[in-house]
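Working through the structure, step by step
Okay, here's what each chain looks like letter by letter:
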Amino acid sequence: MVVDARGLPCPRPVLMTKEALDGIEEGVVEVLVDSVASKENVRRFAQRYGCTVEVQEEEGFFRLKIVKGFVCELPSQDTGGETGGKVVLVLSDSMGDERELGRMLMRAFLSTLKEASRRPKKLLFVNRGVFLTTEGSPVIDVLRELEGMGVEIYSCGTCLDYFDLKDKLLVGAVTNMYDTVETLLSEEVVRV
């Protein structure tokens, strides 16, 4: 089965992939996408779905060969109990309405996460929050340290596009609305 999702906006490629995988018990689904963000979103989704994914770059697009069933599972990595199950949803580049104070508070908050006894599982950056994961961010160093400690960092692809920052992402990965909704509905969320 081939799913041609070229030229489609987020989250259509992921939703089309989900529909194709839901329609088979086992087998191979090939998904065609024409952007790096769609390639990564579909790849992450399929892997979370328990599938094996092989990516081939072809002229002007990516072909993802997704195998459902007949998968050998590797033991999960032990994180040493340092990360918790919480997800932090970051909606702005500052905390509160007072911009200067809010930026100081956001830096302090993220820096303190490094020292906390339990770090979050994920940081999701949405809306103006994506300014913290891109060029010019005063907290890139902190976010890179958190990522190195096992905290997953994701920035909204639509938000990066809206603010013309997609090619300026410096930490973490681009995500889509489907992944964001799935994460928010399946994890304990803290909003900042």
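Residues numbered from 1 in each chain as written. Predicted model: local features only at pLDDT ≥ 70, side-chain atom pairs only at ≥ 80, totals over all residues. Heavy atoms only, no water.

Once that is clear, we can look at the packing of aromatic side chains. Throughout the structure, instances matching the rule amount to 4 aromatic pairs. Here the aromatic rings of F45 and Y178 are separated by 5.5 Å at their centres, their planes lie at 80°, and the arrangement is edge-to-face. With F45 in helix α2 (residues 36-48) and Y178 in helix α6 (residues 177-186), this residue pair connects regions lying 133 residues apart in the sequence. Given the relative accessible area of 12%, Y178 is considered buried. Taking the centre distance of 5.0 Å and the plane angle of 85° together, the rings of Y162 and F163 count as edge-to-face. Classification of F163 by relative accessible area gives partly exposed; the value is 22%. An aromatic cluster is built from F45, Y49 and Y178, whose rings are joined through pairwise contacts. We note R6 situated over the ring of F61; from NZ or CZ to the ring centre the distance is 4.7 Å. The aromatic ring of F62 is capped on one face by K39, whose charged end is 4.9 Å from the ring centroid. (Phe/Tyr/Trp six-rings, centres within 6.5 Å; stacked < 30°, edge-to-face > 60°. Helix = DSSP H or I, 4+ residues; strand = E, 2+ residues; numbered from the N terminus. Buried < 20%, exposed > 50% of the residue type's maximum accessible area, 1.4 Å probe, protein only. Lys NZ or Arg CZ within 6 Å of the ring centre and 35° of its normal.)

A cluster of nonpolar side chains, contributed by L101, M104 and L105, occupies part of the molecular surface with about 280 Å² of accessible area. Tracing the backbone through its elements, the reader meets M104 in helix α3 (residues 99-115). (Patch = residues over 30% accessible without salt bridge, like charges linked within 9 Å, V, L, I, M, F, W, Y side chains within 5 Å. Areas by Shrake-Rupley, 256 points an atom, 1.4 Å probe, with all protein chains shown as cover. Salt bridge = Lys/Arg side-chain N within 4 Å of Asp/Glu carboxyl O.)

Okay, the pattern of salt bridges next. One pass over the structure, following the stated rule, counts 16 salt bridges. Between R43 and E40 there is a salt bridge; the shortest N-O distance is 2.5 Å. Of this pair, R43 and E40 both sit in helix α2, 3 residues apart, which is roughly one turn of that helix. You can call E40 partly exposed: its relative accessible area is 22%. It is possible to trace a salt-bridge network through shared partners that takes in D93, R99, R103 and R128.

Confidence in the prediction of the protein, expressed as mean pLDDT, is 88, and 92% of residues score 70 or more. Averaged pLDDT values for the elements of the protein fall to 83 in strand β9 (residues 188-191) and rise to 96 in strand β6 (residues 122-125). Ignoring residues within four places in sequence, the model shows residues 73-81, a span with pLDDT below 50, making 1 contact including any to other chains. (pLDDT = per-residue confidence, 0-100. Contact = heavy atoms within 4.5 Å.)

If you trace the 5 strands from one edge of the open sheet to the other, you get β8-β7-β6-β5-β9, paired in parallel fashion. In the strand order of this sheet, the two ends are held by β8 (173-175) and β9, each with one partner. This sheet shows a mean twist of 30° between the axes of neighbouring strands, independent of strand direction. In this sheet, β9 lies alongside strand β5 (residues 86-90) in parallel orientation, the contact comprising 4 bridges. Bridge pairing links K86 to E188 in β9. Across the sheet, α2 lies against β7 (152-156) and β8, angled at about 80° from β8, the strand it touches most. (Pairing = 2+ DSSP bridges. Axes fitted to C-alpha atoms, helices over the stretch in contact; angles between N-to-C directions.)

With that out of the way, let us pick up the packing of helix α1 (residues 12-22) against α2. Packing of α1 against α2 leaves a shortest axis separation of 9 Å and a crossing angle of 35°. In terms of crossing hand, the pair formed by α1 and α2 is right-handed. Seen from α1, the contacting residues are P13, V14, T17, K18 and L21; seen from α2, they are S38, N41, V42 and F45. Classifying every residue of the contact of α1 with α2 by side-chain character gives 5 nonpolar, 3 polar and 1 charged. (Left-handed = near helix turned anticlockwise from the far one by under 90°. Nonpolar A, V, L, I, M, F, W, Y, C, P; charged D, E, K, R; others polar.)

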